[in-house]
Amino acid sequence: MLKWRSLFASVVGSSHADNQQSCQDACHVQADQHYWIGIVSDGAGSATHGGEGANYVIEHLPTYIHSIAQGDMTLEQLSHCVEQLRQALCCFAEQKGLSPRDYACTLLLAVISQNQAWFAQIGDGAMVVSNGSTQGVVFWPEQGTYANMTHFLTDDTALANLQLCKVTVSITEIAMLSDGLQRLALNYSQKTPHHEFFAPMWQQLRRRQHLPLLHQQLESFLHSASVNDRTDDDKTLVLATRLSVDIESVGVE
């Protein structure tokens, strides 16, 4: 049986707060005796309803994943789920009298079982995983043709830019983050995670401390001057570790 302890938060960036805009990031975490599932989506700042697109992703994608999470999932099945989600979001936009581009958002997805893991990504953001001895970035964050641009789920070319990966290894810890934290959490020169960024937070989760308190501390950290001085974008961080305790998750979206 899988037993996970998870912590997650999405907070508005200082630039959006100054302009009285809401957070365009969204995240979702759930776990049962078979799978840990994490989803992060970042609404495009240039999209009029990017935040709504991100919330649509985290609300509807779990249903598609559960439909294939029976036994050994294939990357083809996972790709089909993402395509179903894209089509549904595009239809939703059209029903609202808007274009899919108005709901543009990125996608990070992790599905982890006892000894296997599946990952999918469209756009920027990052997933960092550890098996207890080795830590690394699943997909290095991609950008579009120009600086400060990336790929989105609603793009016509979304499937061409979908990154997929399946590994047969026991993942013990994972972090998922939107692009607002990339420069703090990743070492771009070496294309590796910043160990100093993740280690203290995973250590707190391993100590089995009170999750509501850890959640308050995570939110305070994401809102702190030390973070906002380096990024004014919305920020999402998902952290999870396997522990011999009951599954418990606390989060804010």
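Before reading further, recall that the structure is shown in the block above.
In short, a report on the structure. By convention here, each chain's residues receive numbers from 1 onward along its written sequence. In keeping with the predicted nature of the model, local features appear solely for residues at pLDDT of at least 70, side-chain atom pairs appear and are counted solely at 80 or more, and the whole-chain, interface and lining totals rest on all residues. Calculated side-chain values reflect all of the structure's heavy atoms, with hydrogen atoms and water omitted.

### Quick look at the sheet that holds strand β8 (residues 163-167)
Working step 1: Pairing within the open sheet is antiparallel, and its five strands lie in the order β2-β3-β4-β5-β8. Strands with a single pairing partner mark the edges of an open sheet, and in this sheet they are β2 (25-31) and β8. Pairs of neighbouring strands in the sheet enclose a mean axial angle of 5°, with direction left out of account.
Working step 2: Being paired, for any two strands, means DSSP has found at least two bridges between them. Going along the chain from the N terminus, every DSSP run of H or I of four or more residues is numbered as a helix, and every run of E of two or more is numbered as a strand. Relative to β8, strand β5 (residues 117-122) runs antiparallel, the two being bridged by five bridges. Across the sheet, A120 pairs through a bridge with L164, a residue of β8.
Working step 3: A contact between two residues is defined here by any heavy atoms of the two lying within 4.5 Å. Axis lines are fitted to C-alpha atoms, over the contacting stretch for helices. Their N-to-C directions set the angle, which ranges from 0 to 180 degrees. Helix-sheet contacts for helix α2 (residues 50-68) involve β2, β3 (36-42) and β4 (107-112), and the interaxial angle to β3 is about 150°.

### Comments concerning the pattern of salt bridges
Working step 1: Any Lys or Arg side-chain nitrogen found within 4 Å of a carboxyl oxygen on Asp or Glu counts as a salt bridge. In this structure the tally under the stated criterion is three salt bridges.
Working step 2: With a shortest N-O distance of 2.8 Å, E173 and R206 are connected by a salt bridge. Of this pair, E173 sits in strand β9 (residues 173-177) while R206 sits in helix α5 (residues 195-206), placing them 33 residues apart in sequence.
Working step 3: Each residue is assigned to one of three classes by its accessible area relative to the maximum for its type, calculated with a 1.4 Å probe on protein chains only: buried under 20%, partly exposed between the two thresholds, exposed over 50%. Using a relative accessible area of 40% as the deciding quantity, one classes R206 as partly exposed.

### Some points on helix α6 (residues 211-223)
One full turn of an α-helix is made of 3.6 residues, so residues set three or four places apart face in the same direction.
Working step 1: Multiplying 1.5 Å by the residue count of a helix minus one yields the expected span of that helix. The end-to-end C-alpha separation of α6 is 18 Å, in line with the 18 Å expected for 13 residues at 1.5 Å each.
Working step 2: For α6, the set of buried residues is L211, L214, H215, L218 and L222. All buried residues of α6 lie within an arc of 105° about the axis, which places them on one face of the element. Summarising the geometry, the arc corresponds to the directions from the helix axis toward the C-beta atoms.

### A few points about the environment of V128
Working step 1: By the secondary structure assignment, V128 is in strand β6 (residues 126-130).
Working step 2: V128 sits eleven residues away from F139 along the chain, and the two C-alpha atoms are 8.7 Å apart.
Working step 3: In this structure, V128 is in contact with Q135, G136, V137, E173, I174, A175, L186, P193, F198 and W202, ignoring residues within four places of it in sequence.

### Quick notes on the environment of D72
Working step 1: For D72, the position within the fold is in the loop between α2 and α3 (75-95).
Working step 2: Of the residues examined, D72 reaches a relative accessible area of 49% and is grouped as partly exposed.
Working step 3: C-alpha of D72 to C-alpha of L7: the two residues are 65 residues apart in sequence and 27 Å apart in space.
Working step 4: Those residues in contact with D72 that lie beyond four places of it in its chain are Q77, Q116, W118 and K166.

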